[in-house]
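# Observations on chain architecture
Residue strings, one per chain:
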Amino acid sequence: MELSPKTWFMPVGASSIAGEVDWLFYFITWMSVAFFVIVTACTVYFLFKYKRKPGEKPGLTIPLHHNTVLEIVWTVIPTILVFFIFIWGFRSFMGLFVIPAGAEEVRVQAAQWSWTFRHNVGGSGNESKSNNLHVPAGRPIKLHLSSSDVLHSLFIPDFRVKMDLVPNRTTSLWFTALEEGEYDLYCTEYCGEKHSRMLARVYVMPEEEYKQWVWDNAKVATGKEIYDTKCSACHSLEAGNSEMAPTWHNLYGRTETLSDGTTIEVLDDYIWESIRYPHLKIVDGFEARARMAPFPKQSLSDEEVENIIGFMKGLSDYKADEASEDPKP
Amino acid sequence: MSTHHAAKPGFLGRYVFSTDHKVIGLQYLITGVLMAFIGGYLAYVFRMQLAFPGNSIPGFGELVPQQYNTFVTMHGTIMIFWVAMPVLLAGFGNLLIPLMVGTEDMAFPTLNMLSYWVFFLSTVVLLGSFFVPGSAFAGGWTAYPPLSADGYVGTPFWDGLGGHLWILAVALEFVAFLMGGINFLVTTINMRAPGMKWRRMPIILWMLVIAVLTFVFAVGPLIAGAVMLLLDRTLHTGFYNPAAGGDPILFQHLFWFFGHPEVYVLLLPSLGIICEIISVFSRKPLFGYRAILYSTIVAGVLSFVVWAHHQFIAGIDPRMSSFFSITTIMISIPFAIVIFACIATLWRGSIRLTTPMLFALGAIAEFLIGGVTGIYLGSSALDIYAHDTYFVVAHFHYTLIPVVFFGGLAGIYFWFPKFVGRTTNELLGKVHFWLTTISFNCAFLPLFILGIAGQHRRVFDYSAFPSLMAGELTMLRQIATYAVIVMLAAQILFVVNVVISFLRGPKAENNPWQANTLEWSVASPPPHGNFDPYPAVYRGAYEYSAPGRSEDWWPQDAP
């Protein structure tokens with residue numbers, strides 16, 4: 001399907017229904033312009049033609065009270081036109097509400113003044129949570145909408161969709177994003193003092209990248225929880241090492257010097273090793289510090305280690321596609 | 001002949017606590033016009049903020065988000081309830097109804113006086129709310145809960161006294177208009193002069209009666225809704241509180257069940273004014289009197305079943321939307337008919353482009369734009385895109401400004417000689433018209449474009465939205481703001497014209513426009529008690545250019 005172009009001031013139409021909505025817009029616009037021009041032209045013509053000339057004595061006009069045929073004509077024609085507009089508009093409207101089967105589902109929670117988007121991760125029961133909306137291109141997406149405080153409304157101008165979020169009720173909307181890219185999403189129902197700061201981005205990505213994102217993002221969230229309970233006493237997240245241990249800020253992908261003088265790139269393998277057998281390779285400067293206790297499988301499962309690595313990647317500027325080795329599937 | 005003549009009231013009784021419909025009408029009119037300047041000032045402040053975010057505003061200072069929300073809320077509230085209603089309905093209704101039906105005063109003069117003073121009290125309460133701790137209400141003029149109903153967990157933002165006072169002021173005002181409305185109905189139904197049959201009434205009387213009936217039927221649910229809101233705010237009941245089993249959508253239904261008919265309550269009196277003026281200055285009978293009348297009745301009835309078009313995306317059943325979409329689109333047809341009728345009245349007339357005529361014609365041209373853009377919003381798929389954007393803001397300003405300001409000013413210029421007894425300056429009036437028209441279009445056409453570009457409403461500043469900060473959109477916001485300033489400044493001409501004409505304008509004749517309706521048969525200004533003796537009516541209001549007469553008008557009361 002073609003993207004409807006950015007015409008006049010309407011933003012680019014980047015969803016499957018945008019084309020239809022835009023056509024309706026232009027149809028009504030041209031009809032309105034024609035109607036306005038005809039009516040105004042008649043008025044102006046009459047004003048010039050029948051204007052009383054200065055100094056002219058008021059001659060008698062025609063005492064015309066009505067004309068039934070004319071009145072019927074100018075009632076029937078607009079009636080036909082507006083019903084046509086109704087039918088067209090309503091067909092598109094129902095299209096916006098009938099959600100295709102097999103749509104990817106995302107749960108949206110609005111609150112003063114932020115958005116939270118939750119995705120299911122495979123069949124794992126875990127969820128992937130973000131303040132921005134990530135969706136695959138070319139596939140119907142269904143958003144389940146709810147609000148935790150006041151009314152909000154979700155609007156993605158480029159997709160031509162909008163729906164209110166109501167506390168204690170679930171509403172929904174769907175769209176199919178046509179092309180990869182970034183789009184704006186914002187709240188259009190007045191929701192209080194910081195209404196003008198309630199916005200998010202929509203990232204439309206290829207199917208594979210989306211799946212990877214959901215997976216990685218879920219790891220990040222779980223990884224953070226593990227970090228908070230098991231790692232945060234020694235490892236900081238700020239720039240600059242603490243006294244106890246190397247910081248995780250920008251750690252993934254960094255080249256560290258070890259206590260024996262060799263260097264190592266901090267990637268999955270080294271992190272795995274440092275969690276299971278921390279004493280084997282110690283970063284230079286930390287030999288004399290308190291030793292980190294090893295985490296065998298009984299206290300930290302393989303999956304949990306993956307989550308920690310996912311979380312660390314999120315803290316790093318290191319680009320995944322530059323990585324020489326793939327993370328474990 | 002009238003009990004009014006018995007006692008000579010003093011200054012207070014004559015001009016302040018007067019029971020005379022003309023004084024009360026002028027009180028409503030003047031209060032409304034003064035409130036318009038307050039509403040205009042608020043618009044100036046927030047338009048400056050939108051055009052030049054973060055800058056200090058000349059004549060105000062720096063605006064913070066909460067003040068912005070208060071100003072937007074109060075601008076809407078004041079312009080609809082404290083300008084449009086008192087000027088169009090209460091002002092012109094009081095001035096015109098007893099004179100046009102041919103009687104001495106309203107049916108219940110004391111109730112009428114009470115109506116104005118309750119309205120005055122509501123005005124004091126509303127303006128006073130600016131000065132309470134936390135300032136005036138900031139929940140939007142539509143006051144949607146849960147935001148407007150403080151006390152719910154998670155919404156401790158609007159717990160000021162301002163919100164209570166806002167509800168109180170609106171409720172008081174509706175009480176005032178109900179008292180006035182009863183007078184309008186009883187006077188028109190029971191006190192018409194002999195011979196003033198229903199079909200002979202000037203169309204504006206019909207419009208006023210239908211407007212009042214619409215108001216009276218619609219206002220109950222809103223007052224109920226407002227009381228529940230007040231209870232939620234003060235006693236922490238749970239009518240709209242989801243956590244207590246309430247439903248915030250309920251308020252939207254109650255509000256718009258009133259809110260949409262309200263638009264027609266304002267529109268009808270204004271259309272009446274426009275019809276009268278166009279007929280008089282075309283020297284022709286109003287074209288299609290009956291068609292206009294039936295259209296108006298149809299519109300009045302339809303106006304009760306269009307409200308949910310405000311809620312297409314509020315989570316109502318989409319099948320329900322189909323019904324409201326049909327009715328919304330249908331309601332444009334009666335108004336198209338009225339406009340066609342006005343234009344047909346011009347055909348083969350002998351047209352004089354006086355100031356009132358210019359404002360009446362301007363109102364029609366601008367209202368056309370408001371009307372056709374309503375079709376975009378009635379078309380449900382497009383409404384989803386346009387909802388809560390500046391397209392809607394532009395649309396309703398293109399309906400309300402022609403109706404309230406152009407129609408209202410047309411009426412003021414038209415009847416000024418009658419009720420003040422002096423004539424306004426035509427040149428000043430025409431300059432006022434052209435400046436107002438040009439600046440109005442420059443202020444609000446850009447808002448359609450901004451809305452189409454996706455700019456949403458009630459936003460303090462757009463700096464967080466890169467797509468809305470594009471150069472051409474920023475420029476459009478600034479053009480709109482400059483135009484608003486010109487538009488407000490142009491109203492100084494109106495004030496100057498009115499004040500100078502009031503003090504030393506040329507004395508007006510009884511019937512300066514050679515019009516037919518009864519008010520032009522009495523002195524300018526009409527004396528206390530209006531008619532002596534009572535008039536008798538022999539014909540309809542639009543016998544212009546009747547064949548066989550030397551004059552081209554034929555007053556209703558001329559034998």
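This structure is a prediction, so every number in the text was calculated from the model and none was measured.

As a further point, take the sheet that holds strand E4 (residues 133–136) of chain A. All names here are of chain A. Across the sheet, five strands lie side by side as E4-E10-E9-E6-E7; this open sheet has mixed pairing. Each end of this open sheet is capped by a strand with a single partner; those strands are E4 and strand E7 (161–165). On average, each strand axis in the sheet is inclined to that of its neighbour by 20 degrees, with strand direction left out of account. For strand E9 (residues 181–187) and strand E10 (residues 199–205), the ladder comprises six bridges, and the chain directions are antiparallel. Bridge assignment links Glu182 to a residue of E10, and that residue is Tyr203. Most of the contacts of helix H3 (residues 207–231) go to E4, to which it runs at about 140 degrees, and overall it touches E4 and E10.

Among the nonpolar cores identified, the biggest contains 245 residues, and Ile274, Ile277, Ala360, Val404 and Ala410 of chain B are the most heavily contacted of them. Counting residues per element, this core draws most heavily on helix H3 (residues 65–101) of chain B, at 22 residues. Discounting residues that sit within four places of it in the chain, Ile277 of chain B has contacts with Pro356, Met357, Ala360, Ala410 and Phe414 of chain B. The next biggest cluster of nonpolar side chains, apart from the first, holds ten residues, and it includes Trp248, Val305, Ile308 and Met312 of chain A.

Residues and elements named next belong to chain A. What the domain assignment reports for chain A is domain 1 (104–212) and domain 2 (216–322). Domain 1 and domain 2 are separated by 33 Å when their C-alpha centres are compared. Listed by partner, the interface residues are seven residues for domain 1 and five residues for domain 2. Sorting elements by how many residues they give to the side of domain 1 that touches domain 2 places strand E3 (residues 127–130) first, with four residues.

Residues and elements named next belong to chain A. Strand order in the open sheet formed by five strands is E3-E2-E1-E5-E8, and the pairing between neighbours is mixed. Two strands bound the open sheet, and with one partner strand each, they are E3 and strand E8 (171–176). Pairwise comparison of adjacent strand axes, ignoring direction, gives a mean angle of 25 degrees for this sheet. Where strand E1 (residues 104–111) and strand E2 (residues 114–120) come together, six bridges link them in antiparallel fashion. By the bridge assignment, Ala110 is partnered in E2 with Trp115. Sheet contacts for H3: E2 and E3; angle to E3, the most-contacted strand, approximately 85 degrees.

This part covers unusual backbone geometry. Here the residue pair Pro145 of chain B and Pro146 of chain B is connected by a cis peptide bond, since its omega of 5 degrees sits within 30 degrees of zero. Looking at the secondary structure, you find Pro146 of chain B in the loop between helix H4 (109–128) and helix H5 (161–190). In this structure, Pro533 of chain B follows Asp532 of chain B across a cis peptide bond, with omega equal to 0 degrees. As for its placement among the helices and strands, Pro533 of chain B is situated in the segment after helix H15 (471–504). Positioned with a positive phi, Asn168 of chain A is a non-glycine residue whose angle comes to about 70 degrees.

Reading guide: rules and limits
Residues numbered from 1 in each chain as written. Chains lettered and ligands numbered in written order. Predicted model: local features only at pLDDT ≥ 70, side-chain atom pairs only at ≥ 80, totals over all residues. Pairing = 2+ DSSP bridges. Helix = DSSP H or I, 4+ residues; strand = E, 2+ residues; numbered from the N terminus. Axes fitted to C-alpha atoms, helices over the stretch in contact; angles between N-to-C directions. Contact = placed C-beta atoms within 7 Å. Core = buried A, V, L, I, M, F, W, Y, C linked by C-beta atoms within 7 Å. Buried ≥ 20, exposed ≤ 12 C-beta atoms within 10 Å, placed from the backbone. Domains from an automatic or database assignment.

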